[in-house]
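A closer look at the structure
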Amino acid sequence: MKKAKSKQQESSENVAKSSSSRHKSSTSPSVARKGKEKEIKRDRTSSGKKRGFWRRSKKKHASIFAVPLTDAVYPDGVLVPVVLRMLIQFIDQHGLDKLGLYSSNSSITAISLRNTIEEDPSFWLETDANFGTEDKILAASQLVRMFLREQDVLLEESPELADAIDKELESGSTHGPDSALLDLATSELAKVSAHSYTTMAFVCRHAQRVLAHASSNGMLGTSLASMLAEDMRMRQELLTFLIGNSDEVFDADDDDGPSGGVAEGVVGSQPLRTGAVFEDCTQEMYQASVAAAMAVMHKTRALSMTSAV
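Just so you know, these numbers come straight off a predicted model, no measurement behind them. (Residues numbered from 1 in each chain as written. Predicted model: local features only at pLDDT ≥ 70, side-chain atom pairs only at ≥ 80, totals over all residues. Heavy atoms only, no water.)

Further remarks concern the overall build of the protein. The secondary structure content of the protein amounts to 13 helices and two strands. Looking at the protein as a whole, 39% of its 309 residues qualify as buried. When contacts within the protein are restricted to residue pairs at least 6 apart in sequence, long-range pairs at least 24 apart make up 76% of them. As presented, the protein carries roughly 17200 Å² of accessible surface, and 53% of it is formed by carbon and sulfur atoms. (Helix = DSSP H or I, 4+ residues; strand = E, 2+ residues; numbered from the N terminus. Buried < 20%, exposed > 50% of the residue type's maximum accessible area, 1.4 Å probe, protein only. Contact = heavy atoms within 4.5 Å. Areas by Shrake-Rupley, 256 points an atom, 1.4 Å probe, with all protein chains shown as cover.)

The following block contains the structure:
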């Protein structure tokens with residue numbers, strides 16, 4: 001027969017069990033952090049898959065929207081990708097007065113149009129008959145944001161420029177920025193690539209035109225700058241400054257580059273142009289450029305599949 005346990009033995013066993021239970025249930029802070037990080041990573045991955053088009057493509061040339069600016073084809077020498085030119089051109093011609101421009105979320109129309117752009121080099125937004133003009137206007141503004149999200153950062157803001165812009169905002173000046181700030185911004189812009197410079201000038205001047213119709217489209221300057229700054233991954237204050245002072249910080253001469261001269265290189269007989277004046281992108285230019293980009297994408301995919309084998 002088993003002997004009855006003394007009260008002292010029972011108390012010792014209970015203390016041991018309690019200590020063991022606490023040891024099993026508790027984890028060190030470092031282990032807890034690692035577990036939390038894995039959980040956050042899983043959440044971000046799953047939410048990214050749901051967002052789909054709003055995530056930047058991981059593979060180079062995986063999408064027409066993700067082709068780096070330096071690899072895009074510029075049929076007339078203007079260093080703005082033809083997809084972006086087509087979309088903004090359509091908005092400029094048909095939708096500057098459209099209520100809700102740039103403020104609406106991604107729509108089925110936008111996703112459908114993006115799929116068509118990705119698959120059909122003969123597509124042209126102006127002649128597309130699958131959707132009405134009103135739907136295409138809002139979809140085009142959504143696609144502009146998608147395009148900007150897919151690209152690399154166009155301008156890395158220096159601490160000096162950030163401080164100068166912040167001081168200008170704090171001063172509450174109604175006379176516009178002083179010449180020192182404009183000179184500093186111009187010098188910072190001169191350091192970026194011609195492709196990034198021209199694309200920023202193109203987007204900022206378009207934003208100016210959108211804001212000029214604010215009484216009709218209901219778009220406030222702070223709201224537009226906030227949304228586009230998020231897409232372009234730059235501070236809202238910086239983009240607000242660039243939009244409001246585009247005439248001063250970007251070259252006005254169509255043939256001048258950021259350093260005051262014609263950018264290096266030619267496309268056919270055309271110089272690479274980086275100025276702030278842009279001609280319309282034609283359907284023929286768009287189709288030739290996209291077809292060339294798709295050919296590069298297909299070649300890249302074929303090479304990657306061959307190397308994988």
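So, on to the pattern of salt bridges. As enumerated under the stated definition, the model contains 13 salt bridges in all. Note that R85 is salt-bridged to D76, the shortest N-O span being 3.0 Å. Accessibility classification places R85 together with D76 in one group, the buried group. The closest approach of N and O atoms between D247 and R205, which form a salt bridge, is 2.9 Å. In this pair, D247 is assigned in helix α12 (residues 246-249) and R205 in helix α8 (residues 194-212), connecting sequence segments 42 residues apart. (Salt bridge = Lys/Arg side-chain N within 4 Å of Asp/Glu carboxyl O.)

Next up on the list: the nonpolar core. Y102 and Y286 are the most contacted members of the largest nonpolar core, which has 73 residues in total. Considering each element in turn, this core owes the most residues, nine residues, to α8. Once you skip the residues sitting within four places of it in the chain, Y102 turns out to touch I88, I91, S141, V144, R145, H206, V210, M219, L224, M227 and L228. (Core = buried A, V, L, I, M, F, W, Y, C linked by side-chain atoms within 4.5 Å.)

This brings us to the environment of T127. Mapped onto the secondary structure, T127 falls in the loop between α4 (108-119) and α5 (133-150). Residues T127 and Q283, 156 residues apart in the sequence, show an inter-C-alpha distance of 9.5 Å.

With 12 residues, helix α10 (residues 221-232) extends 16 Å between its outermost C-alpha atoms, agreeing within 8% with the 16 Å of an ideal straight helix rising 1.5 Å per residue. Taken as a whole, α10 has its buried residues at L224, A225, M227, L228, A229, D231 and M232. Buried positions along α10 lie against α5, α8 and α11 (236-244). Among the residues trailing α10, R233 stands out with phi positive, at a value near 55 degrees. (Expected span 1.5 Å × (residues − 1).)

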